[in-house]
Amino acid sequence: MKTYDLVGIGNAVVDVITQSDDSFLAHMGIEKGIMQLIERDRAEQLYGAMNGRTQTPGGSVANTIAGAGALGLDTAFIGRVRDDTLGHFYADAMNEAGIDFVNPPVADGSEPTSRSMIFVSPDGERSMNTYLGISTGLTSADVPPEVSGNANIMFLEGYLFDHDAGKTAFREAARATRAGGGKTGIAISDPFCVDRHRSDFISLIQHDLDFVIGNEAEIQSLFETDHLDDALMMTAALCPLVVCTRSGDGVSVMEGTTRIDVPVQKITPVDATGAGDQFAAGFLFGLARGRDLETCARIGCVCATEVISHIGPRPETDLRAVLRERGLL
C-alpha cells in the first residue's frame, strides 16, 4: 500500500491565463483582483475574448500539491474532471508532473471540465473568472480510502465547501487520514466562501483539522473581525496550528498561544497568481520533513516569492537549489 507525504483534495481547474489592462476588464465587466464564479455561457464568452492564452492545470490546492511535489514530496491529488479534451489535458499534465491524479475522467454527466479565465493586469493583480463545472460534484465516492488513509498530510480546499457532498467528503477524508496517524488541514480559499459557510467551517476546524492556512482577510472573516490579532487567537483556540499570510507584511504562525512572525522581502509581483498556493507548498514541505515552524514559514516565503516573479501559478525554477543556498533544505 503506497503512503503519500501529501494528498490534496480540491477543484481540478484548467487555468487559462492572459494579460490585459484595466480598460479591457471594465469593458468586459470583470471585477479586478477577485475570484468570481461564473456560469457556462459567461465562461465561453470570456474564453473567446482572450488573446495569447496560456493553459495550465490549476486549482488552488492542486497548485500547492504540484509545488510540494517539485520540492520532493510524494504527492497525490483527488479531483473530478470530465472525459473531454480539457479533462484529459488536466489528468495527463498532473501525472506527467509526478503527481498521482487518482480519479479517472468521468464519462457521464453534462458538466464539462472546470476552467478559470485569469486576466493579469500590468500591476500583477489577477482577476479570476472561474467556471466550476464538473469538479464541484466531488463526493465521498471520489475519495479512495486507500489514499486518504495513507496520507501523512491531507490538505483540503475551502472552495469545495459550497456543496454538502463536498463537506461530507472532507470530513470523511480528514477522519481517515487522522485515523491513519496523519495530519489534516485546510486552505480557507476565499473570505466570501467563509461568509457562506461560517458555522460549518468553524466546526470542521474545531473537530477535524490539525492546521489552517489562510490570508489576513480569510482568517479575519472566520470570526467577522477587522482585528487580525483577535482572529488569530480565536482560531488558535480551536485548532492546534494557524498560519496566516499577510502579503508584504510577512507571515504569522500561531501554535497554541505561541506566535511567530516571519518577515518577507517586499517585491513588485509580475503575477500574484499562486502566491498563497506556493507558500502553502513550501510550508507543508517543511512540515512533512519535520522542520520547525519558523523554517516552514521561511520555506513558504521563498516559494511564494519565486512564483510571483513570473506569469503562472507554479514554480519555474529549481527551488530546491534556492533553498539549499539559503540553508533551508
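From a predicted model like this one, the values you see are computed outputs, not experimental measurements. (Residues numbered from 1 in each chain as written. Predicted model: local features only at pLDDT ≥ 70, side-chain atom pairs only at ≥ 80, totals over all residues. Heavy atoms only, no water.)

1. Overview of the sheet that holds strand 4 (residues 54-58)
Okay, step 1: Across the sheet, which stays open at both edges, the 5 strands sit in the order 3-8-7-2-4 with mixed pairing between neighbours. Looking at which strands have only one partner, the edges of the open sheet turn out to be strand 3 (35-37) and strand 4. Going across the sheet, the axis of each strand differs from the next one's by a mean of 25°, ignoring polarity.
Okay, step 2: Of the pairings in the sheet, the one linking strand 2 (residues 13-19) to strand 7 (residues 114-120) comprises 7 bridges and is parallel in character. Directly across from Ile-17, in strand 7, lies its bridge partner Ile-118.
Okay, step 3: Where helix 2 (residues 40-49) meets the sheet, it contacts strand 2, strand 4, strand 7 and strand 8 (126-131), and its direction lies at approximately 45° from that of strand 7. (Pairing = 2+ DSSP bridges. Helix = DSSP H or I, 4+ residues; strand = E, 2+ residues; numbered from the N terminus. Axes fitted to C-alpha atoms, helices over the stretch in contact; angles between N-to-C directions. Contact = heavy atoms within 4.5 Å.)

2. Some points on the sheet that holds strand 12 (residues 241-245)
Okay, step 1: The 9 strands lie next to each other as 6-5-1-9-10-11-12-13-14, forming an open sheet whose pairing is mixed. Of all the strands in the sheet, the pair left with one neighbour each is strand 6 (100-101) and strand 14 (258-262).
Okay, step 2: Bridge count for strand 13 (residues 251-255) against strand 14 is 5 bridges, and the pairing is antiparallel. When the sheet's bridge partners are listed, Ser-252 is paired in strand 14 with Asp-261.
Okay, step 3: On top of the sheet, helix 3 (residues 60-71) reaches strand 1 (4-9), strand 5 (75-78), strand 9 (151-157) and strand 10 (183-187); it is set at about 170° to strand 5, its chief contact.

3. Examining helix 4 (residues 85-96)
The α-helix winds at 3.6 residues per turn, so residues separated by three or four positions along the chain end up facing the same way.
Okay, step 1: The terminal C-alpha atoms of helix 4 lie 16 Å apart, and with 12 residues this matches the ideal 16 Å at 1.5 Å per residue to within 8%.
Okay, step 2: Within helix 4, burial applies to Leu-86, Gly-87, Tyr-90, Ala-91, Ala-93 and Met-94. In a view along the axis of helix 4, the buried residues occupy a sector of 165°, so they form one face of it. Opposite the buried face of helix 4, by more than 90 degrees, sit the exposed residues Thr-85 and Glu-96.
Okay, step 3: Contact partners of the buried residues in helix 4: strand 2, strand 4, helix 3, strand 5, strand 6 and strand 7.
Okay, step 4: Phi for Gly-98, located one or two positions after helix 4, is positive at around 90°. (Expected span 1.5 Å × (residues − 1). Buried < 20%, exposed > 50% of the residue type's maximum accessible area, 1.4 Å probe, protein only. Arc of directions from axis to C-beta.)

In short, shape yes, function no, at least from these values alone.
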